Amino acid sequence: MQQQNILITGANGMLGQKLVDLFVSKPEYNVLYTSFGASRLNPSYKVYFQILDVSNEEAVKEMVSEFNPDVIIHCAAMTHVDGCEDDKDKCWALNVHAVQYFVDAIADSKTKFIHISTDFVFDGTSSLPYLENHAVNPLSAYGMSKKESEDVLKNSKINYTILRTSFVYGVLWDNSRSNFVLWSKSSLEQEKEINVIADQYRAPTFAEDLAKACFQAMKEDVKGMYHVVGPETFSILDLINQVAEFWNLDQTLISPTLTKNLNQKAKRPLHTNLSIEKARSDFGYAPISYRESLNIIKKQLNTKS
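Let me sum up the structure you'll find in this document. Small disclaimer: the values here were computed from a predicted structure and weren't measured.

1. Thoughts on the state of the cysteines
Now for step 1: For the structure on display, the rule yields 0 disulfides.
Now for step 2: Between Cys84, a free cysteine, and Cys91, which holds the nearest cysteine sulfur, the sulfur-to-sulfur gap is 3.3 Å.
Now for step 3: On the basis of relative accessibility, which here comes to 0%, the residue Cys84 falls in the buried class.

2. Focus on the sheet that holds strand 9 (residues 201-202)
Now for step 1: Pairing is mixed in the open sheet, where 3 strands are placed in the order 12-9-14. Lying at the two open borders of the sheet, with one neighbouring strand each, are strand 12 (234-235) and strand 14 (271-272).
Now for step 2: Direction of pairing for strand 9 relative to strand 12: antiparallel, over a ladder of 2 bridges. Bridge assignment links Tyr201 to a residue of strand 12, and that residue is Ser235.

3. Topic: the side chain of Gln300
Now for step 1: Take Gln300: it is sitting in helix 10 (residues 290-304).
Now for step 2: Not counting the four nearest positions on each side in its chain, Gln300 is found in contact with Lys18, Val171 and Glu208.

4. Here we look at helix 6 (residues 180-189)
Now for step 1: Here helix 6 lies mainly inside the structure; 7 of its 10 residues are buried.
Now for step 2: Along helix 6, the positions that sit buried rather than exposed are Phe180, Val181, Leu182, Ser184, Lys185, Ser187 and Leu188.
Now for step 3: The elements touched by buried residues of helix 6 are strand 7 (168-169), strand 8 (194-197), helix 8 (236-246), strand 13 (254-257) and helix 10.
Now for step 4: Looking one or two residues beyond helix 6, the residue adopting positive phi is Glu191, at roughly 60°.

5. Observations regarding the environment of Ala217
Now for step 1: Its place among the elements puts Ala217 in helix 7 (residues 207-220).
Now for step 2: Sequence separation between Ala217 and Pro27 is 190 residues, and the spatial gap between their C-alpha atoms is 19 Å.
Now for step 3: Leaving out residues up to four positions away in the same chain, Ala217 has contacts with Lys112, Ile114, Thr161, Val222 and Phe283.

6. Let's talk about the nonpolar core
Now for step 1: The biggest cluster of nonpolar side chains holds 39 residues, and the ones touching the most others in it are Phe23, Ile73 and Phe283.
Now for step 2: At the level of elements, strand 1 (4-9), helix 1 (14-23), strand 2 (29-35), strand 4 (71-74), strand 5 (112-118), helix 7 and helix 9 (277-283) are the ones that each hand at least two residues to this core.
Now for step 3: Here this core takes 7 residues from helix 7, the largest share from any one element.
Now for step 4: Residues Val54, Phe67, Phe120 and Ala266 belong to the second largest nonpolar core, which totals 33 residues.

7. Considerations on the sheet that holds strand 1
Now for step 1: Pairing is parallel across the open sheet formed by 7 strands, whose spatial order is 3-2-1-4-5-6-11. Strand pairing shows two members of the sheet lacking a second neighbour, strand 3 (48-51) and strand 11 (224-227), which therefore form its edges. When the angles between neighbouring strand axes are averaged without regard to direction, this sheet yields 20°.
Now for step 2: In the sheet, strand 6 (residues 159-165) pairs with strand 11 via 4 bridges, with the strands oriented parallel. Looking at the pairing, Thr161 lines up with Gly224 of strand 11.
Now for step 3: Against the sheet, helix 7 contacts strand 1, strand 2, strand 4, strand 5 and strand 6, and its axis sits at roughly 145° relative to strand 5.

8. Some words on the environment of Lys298
Now for step 1: Relative to the helices and strands, Lys298 is located in helix 10.
Now for step 2: Through-space distance from the C-alpha of Lys298 to that of Met78 is 29 Å; in sequence the pair is 220 residues apart.
Now for step 3: Once residues lying within four places of it in the same chain are set aside, the contact partners of Lys298 are Phe246 and Trp247.

Rules used in this analysis
- Residues numbered from 1 in each chain as written.
- Predicted model: local features only at pLDDT ≥ 70, side-chain atom pairs only at ≥ 80, totals over all residues.
- Heavy atoms only, no water.
- Disulfide = S-S within 2.5 Å.
- Buried < 20%, exposed > 50% of the residue type's maximum accessible area, 1.4 Å probe, protein only.
- Pairing = 2+ DSSP bridges.
- Helix = DSSP H or I, 4+ residues; strand = E, 2+ residues; numbered from the N terminus.
- Contact = heavy atoms within 4.5 Å.
- Core = buried A, V, L, I, M, F, W, Y, C linked by side-chain atoms within 4.5 Å.
- Axes fitted to C-alpha atoms, helices over the stretch in contact; angles between N-to-C directions.

That's the geometry; what it means functionally is another story.
This is how it looks when you write it as C-alpha coordinates:
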(Lines give C-alpha, C1' and ligand atoms only; values in the text may rest on other atoms or scores of the structure.)
Protein backbone atom coordinates (compact mmCIF):
# COMPACT_ATOMS: atom_id res chain seq x y z
CA MET A 1 0.00 0.00 0.00
CA GLN A 2 1.39 3.40 -0.96
CA GLN A 3 2.37 5.76 1.84
CA GLN A 4 0.10 8.74 2.40
CA ASN A 5 1.80 12.13 2.42
CA ILE A 6 0.81 14.14 5.51
CA LEU A 7 1.74 17.83 5.81
CA ILE A 8 1.52 19.30 9.31
CA THR A 9 1.81 23.04 9.93
CA GLY A 10 2.59 24.60 13.30
CA ALA A 11 4.59 21.53 14.31
CA ASN A 12 6.50 23.40 17.04
CA GLY A 13 3.30 24.12 18.97
CA MET A 14 1.60 22.00 21.62
CA LEU A 15 -0.72 20.14 19.24
CA GLY A 16 1.94 19.94 16.53
CA GLN A 17 4.40 18.21 18.84
CA LYS A 18 1.76 15.78 20.07
CA LEU A 19 1.08 14.90 16.43
CA VAL A 20 4.81 14.21 16.04
CA ASP A 21 4.60 11.83 19.02
CA LEU A 22 1.63 10.12 17.39
CA PHE A 23 2.89 9.82 13.82
CA VAL A 24 6.47 8.84 14.67
CA SER A 25 5.19 5.37 15.56
CA LYS A 26 3.26 5.06 12.30
CA PRO A 27 5.78 4.43 9.49
CA GLU A 28 2.95 3.87 7.01
CA TYR A 29 2.69 7.67 6.73
CA ASN A 30 5.20 9.99 5.09
CA VAL A 31 4.99 13.12 7.25
CA LEU A 32 6.45 16.56 6.60
CA TYR A 33 6.47 18.76 9.70
CA THR A 34 6.62 22.52 9.20
CA SER A 35 6.75 25.59 11.41
CA PHE A 36 7.62 29.27 11.14
CA GLY A 37 10.88 28.93 13.08
CA ALA A 38 13.62 26.35 13.44
CA SER A 39 12.60 22.92 14.67
CA ARG A 40 11.91 22.52 18.39
CA LEU A 41 10.91 18.89 17.93
CA ASN A 42 12.38 16.12 20.03
CA PRO A 43 15.85 15.52 18.48
CA SER A 44 15.58 11.80 19.22
CA TYR A 45 12.94 11.64 16.49
CA LYS A 46 14.26 11.33 12.96
CA VAL A 47 11.64 13.39 11.18
CA TYR A 48 11.31 15.42 8.00
CA PHE A 49 11.09 19.12 8.96
CA GLN A 50 11.03 22.33 6.94
CA ILE A 51 10.49 25.96 7.83
CA LEU A 52 7.25 27.38 6.39
CA ASP A 53 5.67 30.81 6.78
CA VAL A 54 2.00 30.04 6.20
CA SER A 55 1.29 33.75 5.62
CA ASN A 56 3.53 33.67 2.52
CA GLU A 57 1.31 32.65 -0.39
CA GLU A 58 4.15 31.65 -2.70
CA ALA A 59 5.83 29.56 0.00
CA VAL A 60 2.58 27.72 0.68
CA LYS A 61 1.95 27.11 -3.00
CA GLU A 62 5.50 25.88 -3.57
CA MET A 63 5.49 23.48 -0.61
CA VAL A 64 2.12 21.99 -1.55
CA SER A 65 3.26 21.58 -5.13
CA GLU A 66 6.54 19.90 -4.17
CA PHE A 67 5.28 17.64 -1.36
CA ASN A 68 1.88 16.83 -2.91
CA PRO A 69 0.14 16.05 0.39
CA ASP A 70 -2.80 13.68 0.65
CA VAL A 71 -3.73 15.33 3.95
CA ILE A 72 -2.88 18.70 5.53
CA ILE A 73 -3.33 19.09 9.28
CA HIS A 74 -3.26 22.83 9.79
CA CYS A 75 -2.21 23.66 13.37
CA ALA A 76 -0.37 26.93 12.64
CA ALA A 77 -2.19 29.99 13.98
CA MET A 78 -1.85 33.13 16.03
CA THR A 79 -3.56 32.11 19.26
CA HIS A 80 -2.50 34.85 21.69
CA VAL A 81 -5.93 36.42 22.20
CA ASP A 82 -4.78 39.86 23.39
CA GLY A 83 -1.94 39.84 20.84
CA CYS A 84 -4.52 39.40 18.08
CA GLU A 85 -6.34 42.46 19.42
CA ASP A 86 -3.09 44.45 19.28
CA ASP A 87 -2.08 43.35 15.77
CA LYS A 88 -5.16 42.51 13.74
CA ASP A 89 -3.22 42.52 10.45
CA LYS A 90 -0.86 39.81 11.65
CA CYS A 91 -3.79 37.91 13.16
CA TRP A 92 -5.65 37.95 9.81
CA ALA A 93 -2.53 37.04 7.85
CA LEU A 94 -1.87 33.95 9.97
CA ASN A 95 -5.42 32.87 10.80
CA VAL A 96 -7.43 33.78 7.69
CA HIS A 97 -5.27 34.49 4.65
CA ALA A 98 -3.09 31.43 5.32
CA VAL A 99 -6.14 29.17 5.15
CA GLN A 100 -7.15 30.78 1.85
CA TYR A 101 -3.65 30.16 0.47
CA PHE A 102 -3.91 26.45 1.29
CA VAL A 103 -7.42 26.25 -0.16
CA ASP A 104 -6.17 27.83 -3.40
CA ALA A 105 -3.11 25.55 -3.49
CA ILE A 106 -5.15 22.34 -3.20
CA ALA A 107 -8.27 23.49 -5.08
CA ASP A 108 -7.70 21.13 -8.01
CA SER A 109 -6.64 18.13 -5.94
CA LYS A 110 -8.23 15.59 -3.62
CA THR A 111 -6.13 16.73 -0.65
CA LYS A 112 -7.96 16.66 2.68
CA PHE A 113 -7.59 19.74 4.91
CA ILE A 114 -8.02 19.44 8.68
CA HIS A 115 -8.31 22.82 10.36
CA ILE A 116 -8.16 23.69 14.05
CA SER A 117 -10.64 26.29 15.24
CA THR A 118 -11.80 27.50 18.64
CA ASP A 119 -14.63 27.85 21.14
CA PHE A 120 -14.01 31.62 20.95
CA VAL A 121 -16.22 31.80 17.85
CA PHE A 122 -19.11 31.78 20.37
CA ASP A 123 -20.09 34.67 22.64
CA GLY A 124 -20.47 32.44 25.68
CA THR A 125 -23.84 33.81 26.77
CA SER A 126 -25.36 30.33 27.05
CA SER A 127 -24.37 27.81 29.70
CA LEU A 128 -25.94 25.02 27.63
CA PRO A 129 -23.64 22.90 25.44
CA TYR A 130 -23.00 24.51 22.07
CA LEU A 131 -23.71 22.29 19.07
CA GLU A 132 -21.76 22.55 15.83
CA ASN A 133 -24.64 24.34 14.09
CA HIS A 134 -25.24 26.96 16.78
CA ALA A 135 -24.90 30.56 15.61
CA VAL A 136 -21.46 32.05 16.16
CA ASN A 137 -20.83 35.52 17.53
CA PRO A 138 -17.14 36.11 18.31
CA LEU A 139 -16.25 38.81 20.81
CA SER A 140 -12.59 39.32 19.88
CA ALA A 141 -10.31 39.73 16.89
CA TYR A 142 -8.98 36.22 17.53
CA GLY A 143 -12.49 34.73 17.59
CA MET A 144 -13.48 36.70 14.49
CA SER A 145 -10.38 35.55 12.61
CA LYS A 146 -11.19 31.93 13.39
CA LYS A 147 -14.80 32.43 12.33
CA GLU A 148 -13.55 33.92 9.05
CA SER A 149 -11.18 30.97 8.52
CA GLU A 150 -14.10 28.60 8.99
CA ASP A 151 -16.04 30.57 6.37
CA VAL A 152 -13.14 30.29 3.92
CA LEU A 153 -13.43 26.51 4.15
CA LYS A 154 -17.24 26.43 4.07
CA ASN A 155 -17.19 28.52 0.89
CA SER A 156 -14.59 26.31 -0.78
CA LYS A 157 -15.02 23.07 -2.71
CA ILE A 158 -12.22 21.17 -0.98
CA ASN A 159 -12.53 18.17 1.35
CA TYR A 160 -12.23 19.82 4.77
CA THR A 161 -12.79 19.05 8.43
CA ILE A 162 -12.93 21.76 11.11
CA LEU A 163 -12.17 20.77 14.70
CA ARG A 164 -13.15 23.40 17.26
CA THR A 165 -11.27 23.02 20.52
CA SER A 166 -10.71 24.83 23.80
CA PHE A 167 -8.10 25.49 26.49
CA VAL A 168 -5.48 22.97 25.28
CA TYR A 169 -2.96 21.76 27.85
CA GLY A 170 -0.24 19.15 28.22
CA VAL A 171 3.51 18.61 28.62
CA LEU A 172 6.12 18.88 25.86
CA TRP A 173 9.39 16.96 25.82
CA ASP A 174 11.44 20.10 26.66
CA ASN A 175 8.77 21.92 28.72
CA SER A 176 8.99 24.75 26.15
CA ARG A 177 5.28 25.60 26.29
CA SER A 178 3.36 26.51 29.42
CA ASN A 179 -0.38 26.30 30.01
CA PHE A 180 -2.79 26.73 32.89
CA VAL A 181 -1.83 23.42 34.56
CA LEU A 182 1.93 23.95 34.44
CA TRP A 183 1.70 27.67 35.25
CA SER A 184 -0.49 27.19 38.32
CA LYS A 185 1.52 24.20 39.56
CA SER A 186 4.80 26.11 39.23
CA SER A 187 3.42 29.29 40.82
CA LEU A 188 1.95 27.46 43.81
CA GLU A 189 5.13 25.40 44.29
CA GLN A 190 6.98 28.73 44.53
CA GLU A 191 4.36 29.87 47.07
CA LYS A 192 3.22 32.72 44.83
CA GLU A 193 -0.24 34.17 45.28
CA ILE A 194 -2.24 33.89 42.05
CA ASN A 195 -5.46 35.51 40.86
CA VAL A 196 -7.71 33.08 39.01
CA ILE A 197 -10.88 33.81 37.03
CA ALA A 198 -13.98 32.42 38.71
CA ASP A 199 -16.65 33.33 36.16
CA GLN A 200 -15.27 31.77 32.96
CA TYR A 201 -16.13 28.15 32.17
CA ARG A 202 -14.19 25.93 29.76
CA ALA A 203 -13.97 22.29 28.70
CA PRO A 204 -10.17 21.88 28.87
CA THR A 205 -8.68 19.71 26.14
CA PHE A 206 -5.78 17.36 26.79
CA ALA A 207 -3.34 17.77 23.90
CA GLU A 208 -2.96 14.02 23.38
CA ASP A 209 -6.72 13.70 22.95
CA LEU A 210 -6.75 16.51 20.39
CA ALA A 211 -3.93 14.86 18.42
CA LYS A 212 -5.83 11.57 18.41
CA ALA A 213 -8.93 13.41 17.20
CA CYS A 214 -6.98 14.84 14.27
CA PHE A 215 -5.73 11.37 13.39
CA GLN A 216 -9.16 9.74 13.69
CA ALA A 217 -10.82 12.51 11.66
CA MET A 218 -8.19 11.93 8.97
CA LYS A 219 -8.49 8.15 9.05
CA GLU A 220 -12.30 8.11 8.96
CA ASP A 221 -12.32 10.98 6.42
CA VAL A 222 -15.15 12.75 8.22
CA LYS A 223 -16.24 16.04 6.71
CA GLY A 224 -17.54 19.31 8.07
CA MET A 225 -17.59 20.75 11.59
CA TYR A 226 -16.80 18.96 14.86
CA HIS A 227 -16.33 19.99 18.47
CA VAL A 228 -13.31 18.33 20.06
CA VAL A 229 -12.82 19.29 23.70
CA GLY A 230 -12.51 17.56 27.05
CA PRO A 231 -15.50 15.65 28.44
CA GLU A 232 -16.06 18.00 31.41
CA THR A 233 -16.67 21.72 31.81
CA PHE A 234 -15.29 23.58 34.83
CA SER A 235 -14.75 27.14 35.94
CA ILE A 236 -11.12 28.14 35.50
CA LEU A 237 -10.98 28.59 39.28
CA ASP A 238 -12.10 24.99 39.75
CA LEU A 239 -9.48 23.76 37.27
CA ILE A 240 -6.71 25.50 39.20
CA ASN A 241 -8.04 24.34 42.57
CA GLN A 242 -7.94 20.77 41.28
CA VAL A 243 -4.28 21.25 40.28
CA ALA A 244 -3.51 22.44 43.82
CA GLU A 245 -5.40 19.54 45.36
CA PHE A 246 -3.77 16.96 43.07
CA TRP A 247 -0.22 18.06 43.90
CA ASN A 248 -1.00 18.88 47.55
CA LEU A 249 -0.30 22.59 47.14
CA ASP A 250 -1.60 25.49 49.20
CA GLN A 251 -5.04 26.47 47.90
CA THR A 252 -5.14 29.55 50.13
CA LEU A 253 -2.68 31.14 47.66
CA ILE A 254 -5.46 31.11 45.03
CA SER A 255 -7.61 34.26 44.98
CA PRO A 256 -10.81 34.22 42.89
CA THR A 257 -11.37 37.20 40.61
CA LEU A 258 -13.92 38.17 37.98
CA THR A 259 -13.39 38.80 34.28
CA LYS A 260 -14.47 42.43 34.62
CA ASN A 261 -11.59 43.08 37.05
CA LEU A 262 -8.84 41.95 34.65
CA ASN A 263 -9.01 44.76 32.06
CA GLN A 264 -8.00 42.35 29.30
CA LYS A 265 -7.73 43.90 25.83
CA ALA A 266 -9.83 41.19 24.21
CA LYS A 267 -13.24 40.15 25.46
CA ARG A 268 -13.57 36.47 26.39
CA PRO A 269 -16.76 34.40 26.28
CA LEU A 270 -17.83 33.38 29.78
CA HIS A 271 -19.31 29.92 29.04
CA THR A 272 -17.98 27.74 26.22
CA ASN A 273 -19.34 24.30 26.94
CA LEU A 274 -19.10 22.48 23.58
CA SER A 275 -21.03 19.28 22.90
CA ILE A 276 -18.75 16.47 21.67
CA GLU A 277 -21.50 13.96 20.87
CA LYS A 278 -21.11 14.35 17.10
CA ALA A 279 -17.36 13.61 17.28
CA ARG A 280 -17.99 10.65 19.60
CA SER A 281 -20.53 9.24 17.15
CA ASP A 282 -18.80 9.92 13.83
CA PHE A 283 -15.18 9.03 14.55
CA GLY A 284 -15.01 7.55 18.01
CA TYR A 285 -13.64 10.55 19.86
CA ALA A 286 -13.07 9.41 23.45
CA PRO A 287 -11.30 12.03 25.58
CA ILE A 288 -10.12 11.13 29.05
CA SER A 289 -11.22 12.94 32.21
CA TYR A 290 -9.36 15.94 33.60
CA ARG A 291 -8.27 13.88 36.61
CA GLU A 292 -6.90 11.11 34.39
CA SER A 293 -4.93 13.68 32.39
CA LEU A 294 -3.35 15.08 35.56
CA ASN A 295 -2.14 11.56 36.40
CA ILE A 296 -0.53 11.30 32.96
CA ILE A 297 1.04 14.76 33.27
CA LYS A 298 2.46 13.80 36.67
CA LYS A 299 4.11 10.71 35.16
CA GLN A 300 5.43 12.74 32.21
CA LEU A 301 6.94 15.35 34.52
CA ASN A 302 8.48 12.67 36.74
CA THR A 303 10.27 11.12 33.77
CA LYS A 304 11.84 14.51 33.00
CA SER A 305 13.12 15.17 36.52
